[in-house]
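Summary of structural features
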Amino acid sequence: MWFVFALLSAVFAALTSILAKIGIVGVNSNLATAIRTMVVLVMAWGMVFLTNTQRGIAAISKKSWLFLILSGLATGASWLCYYRALQIGDASKVVPIDKLSVVITLVLAFVFLHEKFTAKSMMGCILIGVGTLLMVL
């Protein structure tokens, strides 16, 4: 089931890029990011209330709060940079560079989460890196 959600995530991420590139024309990138964030905020809390999971807030540990907040800050920084890059660059060049996050995530997962880094992972990182360079140059 995780694969289905991951694939849907990729489809929605692709739509995000195309829709954002069209919508950002003539709009300050920071303002556009704030509008997008408000929509995501309403949608996320709507799902929490729709699934009646809001009661779980009290059970969240301090460690989880800290890392969720840090993740939110990283997301915000990523979105601000992404929208600015989309505003001044071609989507066909910005998006591949943004997807280098796959390579960076694999390396960080190896270093900090001690996840297995296999020959297959290494080859995938190299191919993604080379593919990104080919698309951008």
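All residue numbers refer to position in the chain's written sequence, counted from 1. Residue-level local features of this predicted model are given only where pLDDT is at least 70; pairs of side-chain atoms are given and counted only at 80 or more, and the full residue set underlies all totals for whole chains, interfaces and linings. Each side-chain value is worked out from all heavy atoms of the structure, with water and hydrogens disregarded.

Another aspect to go through is the overall build of the protein chain. Each helix is a run of H or I in the DSSP string that is no shorter than four residues. Each strand is a run of E no shorter than two, and both are numbered from the N terminus. From N to C terminus, the protein chain includes 6 helices and 0 strands. Across the protein chain, helices and strands are ordered from the amino to the carboxyl terminus as α-α-α-α-α-α. Its C-alpha atoms put the protein chain at 50 × 45 × 25 Å along the principal axes. The buried label applies to any residue whose accessible area, calculated with a 1.4 Å probe on protein chains only, is under 20% of its type's maximum; exposed applies above 50%, and partly exposed to all values in between. Classification of the 137 residues of the protein chain by burial places 15% in the buried group.

Glancing now at helix H2 (residues 29-50). The length a helix should cover is 1.5 Å for every residue beyond the first. For H2, with 22 residues, the first-to-last C-alpha span of 31 Å sits near the 32 Å given by 1.5 Å per residue. The set of residues buried in H2 consists of Ser-29, Ala-32, Thr-33 and Arg-36. Take H2 and look down its axis: the buried residues cluster within an arc of 95°, on one side only. The outward face of H2, more than 90 degrees from its buried face, is lined by the exposed residues Val-42 and Phe-49. Residue contacts follow a heavy-atom distance rule, with two residues in contact if any of their heavy atoms lie within 4.5 Å. Residues of H2 that are buried sit in contact with helix H1 (2-23) and helix H3 (62-88). Remark: Asn-52 follows H2 within two positions and exhibits a positive phi of approximately 55°. An arc is given here, and it is the one of the directions from the helix axis to the C-beta atoms.

The first and last C-alpha atoms of helix H5 (residues 101-112) sit 15 Å apart over 12 residues, in line with the 16 Å expected at 1.5 Å per residue. Within two residues after H5, His-114 carries a phi angle of roughly 55°, on the positive side.

Turning next to the packing of H3 against helix H4 (residues 91-98). For any two helices packed against each other, one specifies the inter-axial angle together with the distance between the axes. At a minimum axis distance of 8 Å, the contact between H3 and H4 shows a crossing angle of 155°. The angle between H3 and H4 falls in the class roughly antiparallel. Considering how the two elements wind past one another, H3 and H4 form a crossing that is right-handed. On H4, the residues touching Tyr-82, Ala-85 and Leu-86 of H3 are Ala-91, Val-94, Val-95 and Asp-98. Axis angles are defined between N-to-C directions and span 0 to 180 degrees, where every axis is a line fitted to C-alpha atoms and, for a helix, only to the segment in contact. We call two directions roughly parallel when the angle between them is under 35 degrees, roughly antiparallel when it is over 145, roughly perpendicular when it lies between 65 and 115, and oblique otherwise. Crossing handedness is defined as follows: a turn of the near helix away from the far one that is anticlockwise and smaller than a right angle gives a left-handed crossing, while the clockwise case is right-handed.

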